[in-house]
Amino acid sequence: MHFRSPSLAAAVLVALLSAGCGSTAEDFRPDSVVDLSGSVPATFEVTPSVEYLTVRGAAPRSPLTLVRAGTLERLVTLYTDDQGQLVIQALPAAYLVHDSQTQGLPPTEGSRPVPPGLYRVVAEGVPGEPFEGKVQATDPFYVLAVGDVPDPSAYEGQNLKSVPNGILGGVVGDFTDDDGFGYLRVRDGTLLSVNVRLPDPRIYGPGPYPTVVQYSGYAPSRPGEPGGADAGGRIALSFGFAYVGVNMRGTGCSGGVFDTFSPAQAADGYDVIEIVARQPWVKNGRVGMIGISYSGITQLYVAATNPPSLAAITPLSVIEDPWEQQWPGGIYNAGFTREWLASRDEESSGGAGWAKKRILEGDTTCADNLQIRSQNVSFEKFARSLVTRPIGADERNLSLLVRKIDVPVFLASSWHDEQTGPRFGLMLDDFDSVPPGQARFTMYNGHHQDPFSPLLMNRWFEFLSLYVDRTVPVLNPVVRAGIAPVVADIFGVPGVVLEGDRFAQFGDDAAGAAAAYEAENPVRVLFESGASPIYPEVPMAQRERFEMGFPSWPPPAAEARSFWFGAGGVLLDEAPGASGLETYAFDPDVGRTHYHVRGDHTNVRVVNDWRPTKNGYGLAWESEPLAEDLVVAGQGHVDLWIRSTGTDVPIEVVLSEVYPESEGRVEEVRVQHGLARAGFRRVDPSRSTDLQPNNFYTAASYEPLSPGEFVNVKVPVYSVSHPFRAGSRLRIEVNTPGGDAALWDFEVDSYGATSHDVGFGGDVASRLVLPVLPASDPAYAIPARFAPQSERPRCDHLRGQPCREYQPASNLAR
């Protein structure tokens, strides 16, 4: 392939390698330059990729050295596996010789991805030890940057097989599921597996069709109708869109080695978009992207590379930063995130079940692609080793990358997503390059799979129609009639009511419909999903009670309001003049607990067991019953003064609403939480606001506590929107992390502590700071229909927000 002029990409997050022991250059020889006089051409092959390289055909279990092509400086010497394969994904801080099979994985501290540039691989044995035979050396080769894209002509001529998909499933005509399966070739020659399904021609005609791509490490390319946990492919086909499912490198039947959100995967995504857009059955010569969770997150990384043929993206249920997903607040997420990484390790290394089946049935390409999987590293072990934020981690931070996205975006996520969490809210003001009116954000209380429910289905279709199909969004009446019972079965809601066609009055005027769409508020916040009057007999049904629109997020109208900690567990409007403190014990057992018990979060049958904090193991402060409604929208924090008997404190804060007593029972509904470690208390002023502090998490920024001395810690209350009605009490709890999240567990260390003190008043005045919408503005008021206290939703009806019987904390003097 012919490449445009190389551009040195910024260093990316350290390739996922776990800690191990290696030998430094000083253990072998002081001379760090290889001598190639008398060398012969290498008999092995090197394939340079985006910020890594692969070696095949070398002698098994032999050392190979990577050197700079110009200076011949040794960078690292690594051993091949039993098949003579080697993948070099990272360079150490100092030259070392390392054998992963005998020594474990290389050290991570100070290591970095292979920077784009010219290199050679040399077989010279171990430096400083006798070597028999002639030194072998490759010709110089160039390790690619993400921006090193092929000439557009390189994307021509890759014709992908396709099959028509029946509106009720299966194939149309004399095709088989396998007829839609194949491979496409990306810039470094790697073959990625692909599955193409076209919409039912009996309803949508012969094409061309508006087309969407789903790209992830799950099973988007598995032959047959799109399936699995992500319903997006099936829904898109029903709505008349062609579906292209592609497995990223190192997954499914695709070649290459796996990495999580790597630059190579982003570059592959660029190539995928350009290849698919050139297929004859693609309408408008441009394609969109769809997907939830994994395939939602990858859209953001791909779109940041700016493929010219990308029309729009629809990322759903996403994260903001990979490191903080694994280490929220600097505390290890031993629950869903750890399990997710371990599952990716297992499936990518051993091969998915459907890929193994294809190999048994004779797919030699799939078999060849899986050979290199022996080089996959353990990402779960790696992530566990990164106790501080690595150098270069910001290069996978989506808050920074989304600034490059220049196509329309439809992003939707829940504040209470049990898998991906609420940090996505931090990047919603960073889509700077998206055309005005074309970045649409929808947020709500709920669960991970809710975006494909009746809550958002029609709005998703609207967006794809306007920006991928370029037509007025009107749902086919046959589909509208037929999809309701299917959706009802998936989401457990009988009598599904889909939203109507909001732009039908524009007829064929797609430009007029788009203009009207773009004139709407770009931020849509849905409140009290699960308690909708549309489904009064179905608790937790996926529809909102009411909504608000905003020009941006966080809402410009939201004002910081402080609630000061006072004596007796009371929240006050002013800071107390005299200081005081309350004490709680460290809980060594709560970290590995969560409140979800059973039930599929996709539907309404979810059972939670959100238990009160054990007496003495947490502290809480509560307001008096609110005199008027209070609507919170945005991220806040707890400005906490804390001291400990140990050298650090893992902290969780939990915001909740305490309902007035009813029928002899007082109930409490969870609103949001936040996490921090006191040792990582230094605030990064370049990424912080008065409401939204962001802390440093590097090794250099860590400051242990001096036992017995108070420190100030800004603990986030993650982004949320919630209406507190008059008569309710606002409550904030401080405790040891654990038990207050649906699927997130935590590894918590005592750091030598048995107890912690929280200060209030005087010079240790702790407070809760929340973003509150102005009560005087009717646009931000609870609609009159739902405002009365009698209309307060039952707290066990709200999706994603568990309810429990209220129990006063030990410090509450009530």
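Heads up: the structure comes first, above all this text.
For the structure given in this document, a descriptive report is provided here. All values derive from a computational prediction rather than experimental measurement. (Residues numbered from 1 in each chain as written. Predicted model: local features only at pLDDT ≥ 70, side-chain atom pairs only at ≥ 80, totals over all residues. Heavy atoms only, no water.)

Counting its regular elements, the protein chain contains 14 helices and 40 strands. Taken over C-alpha atoms, the radius of gyration comes to 28 Å for the protein chain, in line with the 28 Å a tight globule of 814 residues would show. The dimensions of the protein chain, computed from C-alpha atoms along their principal axes, are 85 × 70 × 45 Å. The proportion of buried residues among the 814 residues of the protein chain is 62%. Taking contacts inside the protein chain between residues at least 6 apart in sequence as the whole, the part at least 24 apart equals 78%. Looking at the protein chain as shown, the accessible area adds up to about 28800 Å², and 51% of this sits on carbon and sulfur atoms. (Helix = DSSP H or I, 4+ residues; strand = E, 2+ residues; numbered from the N terminus. Rg over C-alpha atoms; globule rule 2.2 N^0.38 Å. Buried < 20%, exposed > 50% of the residue type's maximum accessible area, 1.4 Å probe, protein only. Contact = heavy atoms within 4.5 Å. Areas by Shrake-Rupley, 256 points an atom, 1.4 Å probe, with all protein chains shown as cover.)

Our next topic: the state of the cysteines. Under the criterion given, the structure shown has two disulfides. Sulfur-sulfur distance for the disulfide between Cys 253 and Cys 366 comes to 2.1 Å. Taking the torsion about the sulfur-sulfur bond, which here is approximately -80 degrees, the covalent link between Cys 253 and Cys 366 counts as left-handed. Of this pair, Cys 253 sits in the loop between strand E18 (242-247) and helix H4 (263-277) while Cys 366 sits in helix H9 (residues 364-370), and the two are 113 residues apart along the sequence. The disulfide bridge from Cys 795 ends at Cys 803, spanning 1.9 Å between sulfur atoms. (Disulfide = S-S within 2.5 Å.)

As a further point, take helix H12 (residues 457-469). Among the 13 residues of H12, 13 are classified as buried, and the element is accordingly described as predominantly covered. Positive phi shows up at Arg 470, right after H12, with a value of about 60 degrees.

Moving on: the sheet that holds strand E36 (residues 729-735). Taken in spatial order, the five strands make up an open sheet running E31-E36-E33-E34-E40, and their pairing is antiparallel. The open sheet has two edge strands with one neighbour each: strand E31 (618-622) and strand E40 (803-805). Neighbour-to-neighbour, the strand axes of this sheet turn through a mean angle of 35 degrees, independent of strand direction. Taken together, the nine bridges between strand E33 (residues 650-658) and strand E34 (residues 667-677) define a ladder with antiparallel strand orientation. When the bridges of E34 are listed, Ile 651 appears paired with Ala 676. (Pairing = 2+ DSSP bridges. Axes fitted to C-alpha atoms, helices over the stretch in contact; angles between N-to-C directions.)

By the definition in use, this model includes 29 aromatic pairs. The interplanar angle of 10 degrees and the centroid separation of 5.3 Å between the aromatic rings of Phe 261 and Tyr 301 together place this pair among those described as stacked. Here Phe 261 is found in the loop between E18 and H4, whereas its partner Tyr 301 is found in helix H5 (residues 294-303), with 40 residues between them in sequence. Each of the two residues, Phe 261 as well as Tyr 301, counts as buried. On the basis of an interplanar angle of 50 degrees and a centroid distance of 5.3 Å, the ring pair of Phe 431 and Phe 441 is categorised as tilted. With Phe 431 in the loop between strand E22 (409-414) and strand E23 (439-444) and Phe 441 in strand E23, this pair connects stretches of sequence that are ten residues apart. The exposure class assigned to Phe 431 is buried, which follows from its relative accessible area of 8%. Looking at Phe 441, the relative accessible area reads 5%, which means it is buried. The rings of Trp 323, Trp 327, Tyr 332, Phe 680, Tyr 697 and Tyr 702 are connected pair by pair, giving a single aromatic cluster. (Phe/Tyr/Trp six-rings, centres within 6.5 Å; stacked < 30°, edge-to-face > 60°.)

The next thing to look at is the environment of Pro 473. On the secondary structure map, Pro 473 appears in the loop between H12 and helix H13 (477-491). You can call Pro 473 buried: its relative accessible area is 1%. Considered as a pair, Pro 473 and Phe 463 are ten residues apart in the sequence and their alpha carbons are 7.9 Å apart. In this structure, Pro 473 is in contact with Phe 461, Glu 462, Ser 465, Leu 466, Asp 501 and Phe 503, ignoring residues within four places of it in sequence.

Ranked by size, the top nonpolar core spans 131 residues in total, and within it Ile 405, Phe 431, Phe 565, Ile 651 and Leu 768 carry the most contacts. Residues Leu 237, Tyr 243, Ile 292 and Ala 513 belong to the second largest nonpolar core, which totals 49 residues. (Core = buried A, V, L, I, M, F, W, Y, C linked by side-chain atoms within 4.5 Å.)

The next point concerns the pattern of salt bridges. Counted by the stated rule, this structure contains 51 salt bridges. Beyond isolated ion pairs, a larger network of salt bridges with shared partners links Glu 622, Glu 668, Arg 729, Arg 731, Glu 733 and Arg 804. (Salt bridge = Lys/Arg side-chain N within 4 Å of Asp/Glu carboxyl O.)

Most of E33 sits inside the fold, with nine of its nine residues counted as buried. Here E33 shows no split at all, with Pro 650, Glu 652, Val 654, Ser 656 and Val 658 on one side and Ile 651, Val 653, Leu 655 and Glu 657 on the other all buried.

Here we come to the packing of H12 against helix H14 (residues 510-518). At a minimum axis separation of 10 Å, H12 and H14 run at an interaxial angle of 130 degrees. As the angle between them shows, H12 and H14 are arranged oblique. Crossing hand, H12 versus H14: left-handed. Packed against H12, whose contacting residues are Glu 462, Phe 463, Leu 466 and Tyr 467, the element H14 presents Ala 510, Ala 513, Ala 514, Tyr 517 and Glu 518 at the interface. Partitioning the contact of H12 with H14 into residue classes produces seven nonpolar, no polar and two charged. (Parallel < 35°, antiparallel > 145°, perpendicular 65-115°, else oblique. Left-handed = near helix turned anticlockwise from the far one by under 90°. Nonpolar A, V, L, I, M, F, W, Y, C, P; charged D, E, K, R; others polar.)

This brings us to the environment of Trp 340. Mapped onto the secondary structure, Trp 340 falls in helix H7 (residues 336-350). Linking Trp 340 and Pro 106, residues 234 residues apart in sequence, is a C-alpha distance of 23 Å. Beyond its immediate sequence surroundings of up to four residues, Trp 340 is in contact with Tyr 218, Thr 260, Phe 261 and Tyr 294.

Within the span of H14, buried status applies to Ala 510, Gly 512, Ala 513, Ala 514 and Tyr 517. Tucked inside the fold, the buried residues of H14 contact E22, E23 and H12.

Mapping Val 46 onto the fold places it in strand E3 (residues 45-48). Considering only alpha carbons, one finds Val 46 and Arg 56, ten residues apart in sequence, at a separation of 6.5 Å. Each residue touching Val 46, except ones within four places of it in the same chain, is listed here: Leu 53, Thr 54, Val 55, Val 121, Thr 138 and Phe 141.

Honestly, that's just the spatial picture; any functional story needs more than this.
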